[in-house]
Amino acid sequence: MTRYVLVRLVNGLFVLWAALTVSFLVLHLVPGDPVSVMLRGGGGEGAAIDGSLADELRADLGLDRPVHEQYLDFVWQVARLDFGTSFSTGDEVGAVLARALPSTLELAGASLLLALVLGVAAAVAATLLPNAPLRSAVLSATVVGNALPSFWTGIILLQVFSFGLGWFPAYGDGEFDQLVLPAFALALPGVGLLAQVLGRSLRTALAEPYVRTARAKGASRLRAVTVHALRNAAIPAMTLFGLMIGGIVAGAIVTETVFARQGIGRLTADAIGAHDFPVIRALVFLAGALYVLVNLAVDLIYPKVDPRIVLRSA
Amino acid sequence: MPMTVTDTDTDTDTAGTAEATGAPQEREHAARARIGAALRGTARRPWLLLAALYLGLVLAWTVAPGVFAHQDPLLTDASRGLRPPGAEHWFGTDNLGRDLYSRVVHGTRTSLVAGLLAVALALVVGSVLGALAGYLGGWIDQVLMRVVEVLIIIPGLLLSLAVVSILGFGTTNVAIAVGIAGIPGFARVVRAEVLRIKGSAYVQAAVTSGRRTPAILLRHIVPNASPPVLVLAALDIGGAVLSIAALSFLGYGAAPPAPELGAMVSQGRDYMSTAWWLTTFPGLTIALVVLSTSRIARALERSGVSS
């Protein structure tokens, strides 16, 4: 077990290194000069650029040195978890991230919990409800939930519950009632996806002989689903849930903008707007690390859910 | 476009063969039976029909926006600012007095063209990479697939944003960025298909009879690998439109006067509490485009599985 985790963590480091290299290459190889984009401020394509100013800026940012030198420097910095200083504010990138992280963790945690609870409830409802039109209505609702643009659902929620009914405050973070609407807006696409995947494997599981046996021995339909089928149907949904975590963090970019929360997502949007590459690279690193850790955690939980799965470090 | 969708969806194998082999009379009969089956099929699936109709409307907006919206989407008139929806302005007017309906029509065009461009880019580049990796194998396969795996771990929206920060802002750049984020998915599917087809007898026969690699790829592998790839492309259109709208919403897409659905939702935020129509109509249009394309793509997927 310990060996397995160690091997996976070492593999994870390689994946992270590869992700950083790719992001470095993308930032350097994609045609387009970051310095001229910065000077234009994302404005008109044809705006004139002061040549000496551009050279000065390039030297300041270290972008005038050979690419391989920049790359080695960059890898060495990241290995020491030093992400440099932000192009736009001059602050330490690590400190900037640390300041923004709590708000996003709160939001992501709340919406993952919401997605999990609502997704499982919808999947069970879509399999268990007594009449067929009701079941397909739940199923259609999950499809719709998955198709809605999250920035738009956020605004609709604000219009209805904040401006219309006045149940929740429109903006800000820190308080619980300020968390409800953004968490819901962020969770909605995930609810739909999770309910569809779990619902499909639930229906497959319900056709299995062991469910018929359980029913024959007197288990109610509800018990057959929740106790017998759910556990067997959980594996694909768990894989999806692991993937959703990355998606929710990316979704926070939009949701935090809509609800004016000062978190990682807002930071990302600002960094893109300012072409702040050190911050963008740190965010890519963070997303990669999150992916590696979440996947490891999901893999470690598999055998607890289904004892037939054995972990092997290949 | 919608017609072909419903057609393949309900097409039965028996009707197809009868049409191919039969005498003219039989052929006509088979064709009539097929149309009948298609109509019955769509009647049984009203949502699919609605999705096809809506998508047809949106495509018509894209091809000829002037036919559907007579008012200038850029014409400002301060005296008509923030009118609610009515007979004169179907979707109301915005703060500058521009007609929201014609902005939605023209904005849909921008969003849809950008979405199609993104999917086309992902489809072409992803397919080429996947086909090379799958067919050539060896170290090329190893390197390409490692890169693809790494791209997959970065959430798509974040990857697109990173690319946009390099390319600069604008609708085309946003479409390219979203397309790049879509490449890994296509590369994976195409590689798997190519690996499956590579082992089949007809490809082996072509190799043995001395055909060149490009000819084999084009004549034997691409046609056989395309159905699942095209289904993926159809499924991806909705997602691409969503991503492009999200990036435009964040302010990286079309520059202000030009109408774009995501940007329109963003501009409407300032009047959220007083002018609900400014955010509702553009948002609803996007949501329906995504729903319809996914509905049709799933129907295509299902018909592909059964045949």
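Counting restarts for each chain, with residues numbered from 1 along the sequence as it is written. Written order determines the labels here, with chains lettered from A and ligands numbered from 1. Predicted model: local features are reported for residues with pLDDT of at least 70 only, side-chain atom pairs are reported and counted for 80 or more only, and whole-chain, interface and lining totals are derived from all residues.

By the naming in an unreviewed UniProt entry, chain A goes by ABC transporter permease and is assigned to Streptomyces radicis. UniProt positions are given in the numbering used here, feature names are shortened, and annotations may be inferred rather than shown by experiment. The UniProt entry for chain A carries the following text under Subcellular location (unreviewed entry): "Cell membrane".

Undergrad: I keep staring at the overall build of chain B and nothing clicks. Help me out?
TA: Per the secondary structure count, chain B includes 13 helices and zero strands. For chain B, with 307 residues in total, the buried portion stands at 46%. Once C-beta atoms are placed from the backbone, any two residues with those atoms within 7 Å are in contact. Across chain B, every contact between residues at least 6 apart in sequence was considered, and the portion connecting residues at least 24 apart equals 69%. A run of DSSP states H or I qualifies as a helix once it reaches four residues; a run of E qualifies as a strand once it reaches two. Both are numbered from the N-terminal end. Partly exposed residues are those whose C-beta has more than 12 but fewer than 20 other C-beta atoms within 10 Å; with 20 or more the residue is buried, with 12 or fewer it is exposed, and the C-beta atoms are placed from the backbone.

Undergrad: Quick question: what am I supposed to make of the interface of chain A and chain B here?
TA: For an interface, size is often stated in terms of accessible area lost upon the parts coming together. Between chain A and chain B, the residue contacts involve 39 residues of the former and 38 residues of the latter. Contributions of two or more residues to the side of chain A that touches chain B are made by helix 1 (2–29), helix 2 (34–40), helix 6 (132–147), helix 7 (150–164), helix 10 (221–258), helix 11 (264–274) and helix 12 (277–305) of chain A. Here the side of chain A that touches chain B is composed, by residue class, of 29 nonpolar, 10 polar and no charged. Just so you know the grouping, Ala, Val, Leu, Ile, Met, Phe, Trp, Tyr, Cys and Pro go in nonpolar, Asp, Glu, Lys and Arg go in charged, and all remaining residues, Gly too, go in polar.

Undergrad: Looking at this structure, how should I read the packing of helix 8 (residues 156–167) of chain B against helix 11 (residues 213–249) of chain B?
TA: Helix packing geometry: the angle between the two helix axes and the distance between the axes. Residue and element names in this part refer to chain B. Axes, fitted as lines to C-alpha atoms, cover a helix only where it is in contact. Angles between the N-to-C directions of the axes lie from 0 to 180 degrees. For the pair helix 8 and helix 11, interaxial distance at closest approach is 11 Å and the crossing angle is 55°. Comparing the axis directions of helix 8 and helix 11 gives the class oblique. Classified by chirality, the crossing of helix 11 by helix 8 is right-handed. Where helix 8 approaches helix 11, its residues Gly156, Leu157, Ser160 and Val164 are matched on the opposing element by Ser243, Ala246 and Leu247. Broken down by class, the residue content of the contact of helix 8 with helix 11 amounts to four nonpolar, three polar and no charged. Here the word oblique covers every angle except those under 35 degrees (roughly parallel), over 145 (roughly antiparallel) and from 65 to 115 (roughly perpendicular). Handedness of a crossing follows from how the near helix is turned relative to the far one, being left-handed for an anticlockwise turn of less than a right angle and right-handed for a clockwise one.

Undergrad: Would you take a moment to explain the environment of Ile309(A) for this structure?
TA: Residue and element names in this part refer to chain A. The residue Ile309 is located in the segment after helix 12 in this model. Residues Ile309 and Asp299, spaced 10 residues apart in sequence, show a C-alpha to C-alpha distance of 9.6 Å. Filtering out sequence-adjacent residues up to four positions away, Ile309 remains in contact with Tyr302 and Pro303.

Undergrad: Any chance you could explain the UniProt feature "transmembrane region" (unreviewed entry) in chain A here in plain terms?
TA: All names here are of chain A. Here the UniProt feature "transmembrane region" (unreviewed entry) sits at residues 12–30, 107–129, 141–167, 179–198, 240–259 and 279–302. From the first C-alpha to the last, residues 141–167 spans 24 Å; its make-up is 81% helix and 0% strand. Annotated as 100% helix and 0% strand, the span residues 279–302 places its first and last C-alpha atoms 35 Å apart.

Undergrad: Can you walk me through helix 9 (residues 209–216) of chain A in this structure?
TA: Structurally, the α-helix is built with 3.6 residues per turn, so residues lying three or four positions apart point the same way. When you tally the buried positions in helix 9 of chain A, you get zero out of eight residues, a small fraction of the element. Backbone geometry just after helix 9 of chain A places Gly218(A) at a positive phi near 105°.

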